[in-house]
Amino acid sequence: MSASRRSGATDEIGPDGPEPDRGGPQRQGGPGGQDASGPVDGPGSDLLAALLDGMDAALCAFDAHGDVTHWNREAERILGWSAAEAVGRHGFAGWAVRSADAEEVERRLMSAMHAPGRQVHEFALVTKDGRRVLVRTQSAAVRGPDGSPAGVYCAFSEVHAQIDLERSIALSEALFEDASWGVVLVDADLRPAVVNAHAARAFGTGRTAALGRPLGELLAQGVEELESALAHVLAEGAPPAPAEIWVGVRTPEGERRRCWRSGFVRLSSPLAEEPVPLGVAWLFADVTDARHAEQEASLLRFRANQLHRAVHVAAECEDPLDAATAHLDFALAGFADHALVDRVSGGAPQGEGADDTPVRLVRVAATPATGSGPSVLTGRSGLPVRYGEGHPALQCVERAGSVRADAGTVSAERAHEWAVTRQWPPETVHALCTPLRSRGRTLGVLTFLRGPSRAAFDRGDTAHAEDVAAHVAAALDLAESTRPEKRA
């Protein structure tokens, strides 16, 4: 049986033509005023039957007397009654609705025949196996050729399915309007098709300006990794867990690196027999601040552990100078490439009341200038280091405070010359000089050096260097006070 009995399916939409002679009296019952029981065949009936059977919503129709004239496959799926069993019955009474509810249901359905527009109702229908199903209906009048009411059509669906649809629509609208994370629908060409307000702000552009543009025009860095992830989702489906992607975003102040925690969902067409990928839904949240905080906390824990280990090793050293080099070796890990310890020449610490004699520094310990290895003690000859006027180490002693120095954005040759002039290893481009203070006096200078592969020293690095310098200064002070000539 088709979507309705063959005659009823074409009452309103079928081709115009003379009414076939059926012999004997006929009752005009279809929504179009034609007979609802005689056979009407032709292209129009086939088309209407196909259209009705292909609908996602259940549909039935009643003539002006309340008899069922149309019944599609979705209605059969929901209630279990076939078109052969439904078409021709009067209303729903006695089969698709409880007897106690039949009068109320019929009244509400048929009232649409004399009301303008569509009416929406909810009521319980009965399936063929006796279950009750709550449905939501939309009903409207069917007009005859003269404009008079000729019947009612009713489209209905299970309430939970309708609610699920409404929730899906509401979710989509909320994601693209009010979501506190970025939502981007990327088409199969990996270009944004829909961008919500949060994502547009993250890109630094407008919602419509981002549409259809390659991701490389929206992001300065991280495009390759992001496009690779999107292509993988299109081919293989959603990954099992979110991914964190570092990207570079262009801003009026310059490029900014951001970390976006991203989730991906492949979108497929629900209308195709085979899954056809429409694109990828990309949802992301900016977790840059959290990642920076985690990195900083991890760095602080590592440095605290290094200081702790250095203190324990230094406590086992008989020679205070060996304790000082132990602190240097533990401090260098992950912090700097080289370290130098210079003490004030002649053992005359700089403190309050110091004269205006030029400061001269003698090298006490240093890490190897080339290669890697533990710090070594030097300067037994007592000759001062040839630091020129204005050298950062000399400024550090004079100010009794830390001094940072950088080669700046210059060529490799100029950076090499800058480092050699200051008596540092030639690959040095960043320096941090910290005074060695003990008992209110400046005993010397601790210098940390970095090459071009590392970032410049910041305030956090300065604080760590000063912590290390406090331990080194205590060891130097102890070494000075225990020298044989001091005891004599």
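It should be noted that the structure appears before, not after, this text.
Right, let's walk through the structure included here. Predicted model only: the values in this text are computed from it and were never measured. (Residues numbered from 1 in each chain as written. Predicted model: local features only at pLDDT ≥ 70, side-chain atom pairs only at ≥ 80, totals over all residues. Heavy atoms only, no water.)

Structural notes on the overall build of the protein
Along the backbone of the protein there are 14 helices and 17 strands. Here the protein holds 488 residues, and the buried ones make up 43% of them. A sequence separation of at least 24 residues applies to 54% of the contacts in the protein between residues at least 6 apart. Carbon and sulfur atoms make up 53% of the accessible area of the protein, which totals about 25700 Å². (Helix = DSSP H or I, 4+ residues; strand = E, 2+ residues; numbered from the N terminus. Buried < 20%, exposed > 50% of the residue type's maximum accessible area, 1.4 Å probe, protein only. Contact = heavy atoms within 4.5 Å. Areas by Shrake-Rupley, 256 points an atom, 1.4 Å probe, with all protein chains shown as cover.)

Here we look at the pattern of salt bridges
Tallied over the full model, the rule gives 18 salt bridges. We note a salt bridge from glutamate 85 to lysine 128, for which the minimum N-O separation is 2.7 Å. Taken together, the residues glutamate 85 in helix 3 (residues 83-86) and lysine 128 in the loop between strand 3 (119-126) and strand 4 (132-143) connect sequence positions 43 residues apart. Arginine 450 is the salt-bridge partner of aspartate 461, the closest N and O atoms lying 3.3 Å from each other. Placement of the pair is aspartate 461 in helix 13 (residues 459-481) and arginine 450 in strand 17 (residues 441-450), with a sequence separation of eleven residues. Like arginine 450, aspartate 461 is buried. (Salt bridge = Lys/Arg side-chain N within 4 Å of Asp/Glu carboxyl O.)

What about unusual backbone geometry?
The backbone of alanine 400 shows a phi angle near 55 degrees, a positive value even though the residue is not glycine. Here arginine 439, not a glycine, exhibits a phi torsion of approximately 50 degrees, which is positive. Within the secondary structure, arginine 439 is located in the loop between strand 16 (430-438) and strand 17. The class of arginine 439 is exposed, set by a relative accessible area of 62%.

Some remarks on the packing of helix 10 (residues 320-332) against helix 13
Remark: helix 10 packs on helix 13, axes separated minimally by 7 Å, with the N-to-C direction vectors making an angle of 165 degrees. Judged by the angle between their axes, helix 10 and helix 13 are roughly antiparallel. Where helix 10 crosses over helix 13, the two elements pack in a sense that is left-handed. Across the interface between the two elements, Pro320, Leu321, Ala323, Ala324, His327 and Ala331 of helix 10 pack against His464, Val468, His471, Val472, Ala475, Leu476, Leu478 and Ala479 of helix 13. Within the contact of helix 10 with helix 13, the residues separate by chemical class into eleven nonpolar, three polar and no charged. (Axes fitted to C-alpha atoms, helices over the stretch in contact; angles between N-to-C directions. Parallel < 35°, antiparallel > 145°, perpendicular 65-115°, else oblique. Left-handed = near helix turned anticlockwise from the far one by under 90°. Nonpolar A, V, L, I, M, F, W, Y, C, P; charged D, E, K, R; others polar.)

A closer look at the pairing of strand 16
Burial of strand 16 is extensive: eight of the nine residues sit out of reach of the surface. Looking at chain direction, strand 15 (residues 403-406) and strand 16 are connected through four bridges and run antiparallel. The residue of strand 16 that forms the bridge with arginine 404 is leucine 432. Taking the residues between adjacent antiparallel strands as the criterion, strand 16 and strand 17 are bridged by two residues, where arginine 439 takes a positive phi near 50 degrees. (Pairing = 2+ DSSP bridges.)

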